[in-house]
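For reference, the chains in residue letters:
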Amino acid sequence: MQYVPLHIHSEYSLLDGAIRIDDLVNFAKENNMPAVALTDHGVMYGDMELYTTAKEKGVKPILGCEFYVHDGDISERDKAHNPCYHLVLLAKDKEGYANLLKLVSVAWCKGRYVHPRINWELLKEHHKGLICLSACLGGEVLQNLLKNDKVKAREVAQQYKDLFGEDYYIELQDHGMEEQKRTNPELVQIAKELGIKMVITNDSHY
């Protein structure tokens, strides 16, 4: 069975990653990984480097980004209410790549407050051509499970499935953390109940 890493933070995730693109592609090549994704936090600085390096070495590049999703107007500047849920988006075609660029640009030019933020309205407008992963412990589904609000977690998962359809995946991670050991079975249950496909990832930063 071949593994494709879909949740990767490189040196372009400022103060949050140390993986160099060339090393990443070499590792994928040496370990029989047919493709590799790049999902830096809120930026896409490394995407073209990944694209050219991976193409040269026969590895399929998957261009993406891990976004910060605000639950209100991205022009808000309220320290008391600034949830920034993590969400991984991957381009599956040219339209998806264009939508990634648009979302990142709007996040920085209009939505930046602590983090470059997008929201649900922007996702609805620019979701075509994108594959969506529910993300790590910072994702909205998991944040609700951590609060023991299974009903809300299920509602959020359904909302994303309704928008992305078959291109929405529940993301499962196991880094030996107690929070993940507790919530992974709940994630699997939600995925099965709602007919959502699952994907196993590793939140790689180093």
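Our structure's up above, just so we're on the same page.
About the criteria used
Residues numbered from 1 in each chain as written. Predicted model: local features only at pLDDT ≥ 70, side-chain atom pairs only at ≥ 80, totals over all residues. Heavy atoms only, no water. Axes fitted to C-alpha atoms, helices over the stretch in contact; angles between N-to-C directions. Helix = DSSP H or I, 4+ residues; strand = E, 2+ residues; numbered from the N terminus. Parallel < 35°, antiparallel > 145°, perpendicular 65-115°, else oblique. Left-handed = near helix turned anticlockwise from the far one by under 90°. Contact = heavy atoms within 4.5 Å. Nonpolar A, V, L, I, M, F, W, Y, C, P; charged D, E, K, R; others polar. Buried < 20%, exposed > 50% of the residue type's maximum accessible area, 1.4 Å probe, protein only. Disulfide = S-S within 2.5 Å. Salt bridge = Lys/Arg side-chain N within 4 Å of Asp/Glu carboxyl O.

Draft legend 1. Spotlight on the packing of helix H6 (residues 150-164) against helix H7 (residues 178-194). The contact between H6 and H7 brings their axes to 10 Å, and the two run at 50°. For the element pair H6 / H7, the angle class is oblique. In this structure, H6 crosses over H7, and the sense of that crossing is right-handed. When H6 is examined against H7, the residues Lys-150, Ala-153, Arg-154, Ala-157, Gln-158 and Lys-161 are found in contact with a partner set consisting of Glu-186, Ile-190, Glu-193 and Leu-194. Counted by class, the contact of H6 with H7 contains 4 nonpolar, 1 polar and 5 charged residues.

Draft legend 2. Looking closely at the environment of Glu-56. Mapped onto the secondary structure, Glu-56 falls in helix H2 (residues 47-56). Since its relative accessible area comes to 67%, Glu-56 is described here as exposed. Put simply, Glu-56 and Val-25 are 31 residues apart on the chain and 9.8 Å apart in space, counted from C-alpha to C-alpha.

Draft legend 3. Layout of unusual backbone geometry. Phi angles above zero are rare outside glycine, and Leu-15 is one such case at about 60°. Tracing the sequence through the fold places Leu-15 in the segment before helix H1 (21-30). Phi is positive for Ala-135, close to 80°, though the residue is something other than glycine. If you trace the backbone, Ala-135 turns up in the loop between strand E5 (130-133) and helix H5 (140-146).

Draft legend 4. Examining the state of the cysteines more closely. Going through the model one piece at a time under the given rule, you end up with 0 disulfides. Considering cysteine sulfurs only, Cys-65 is the nearest to Cys-109, which forms no disulfide, with 14 Å between them. Residue class for Cys-109 comes out exposed when judged on its relative accessible area of 69%. Looking at Cys-132, it has no disulfide partner, and the nearest cysteine sulfur is the one in Cys-65, 12 Å off.

Draft legend 5. Spatial organisation of the pattern of salt bridges. Scanning the entire structure with this criterion turns up 6 salt bridges. Linking Glu-186 and Lys-150 is a salt bridge whose minimum nitrogen-to-oxygen distance equals 3.4 Å. One end of the pair, Glu-186, is in helix H7; the other, Lys-150, is in helix H6, and 36 residues separate them in sequence. Judged by its relative accessible area of 12%, Glu-186 falls in the buried class. Of the residues examined, Lys-150 reaches a relative accessible area of 47% and is grouped as partly exposed. Across the salt bridge formed by Arg-154 and Glu-193, the nearest N and O atoms sit 3.1 Å from each other. Residue Arg-154 is located in helix H6, and its partner Glu-193 is located in helix H7; the two are separated by 39 residues in the primary sequence.

Draft legend 6. Main features of the packing of H1 against H2. Where H1 meets H2, the axes come as close as 10 Å, and the angle between the chain directions of the two elements is 40°. Between H1 and H2, the interaxial angle falls into the category oblique. Crossing hand, H1 versus H2: right-handed. Taken together, the residues of H2 that come into contact with H1 (itself represented by Ile-21, Asp-22, Leu-24 and Val-25) are Glu-49, Leu-50, Thr-53 and Ala-54. Split by residue class, the contact of H1 with H2 holds 5 nonpolar, 1 polar and 2 charged.

Geometry only, nothing functional implied.
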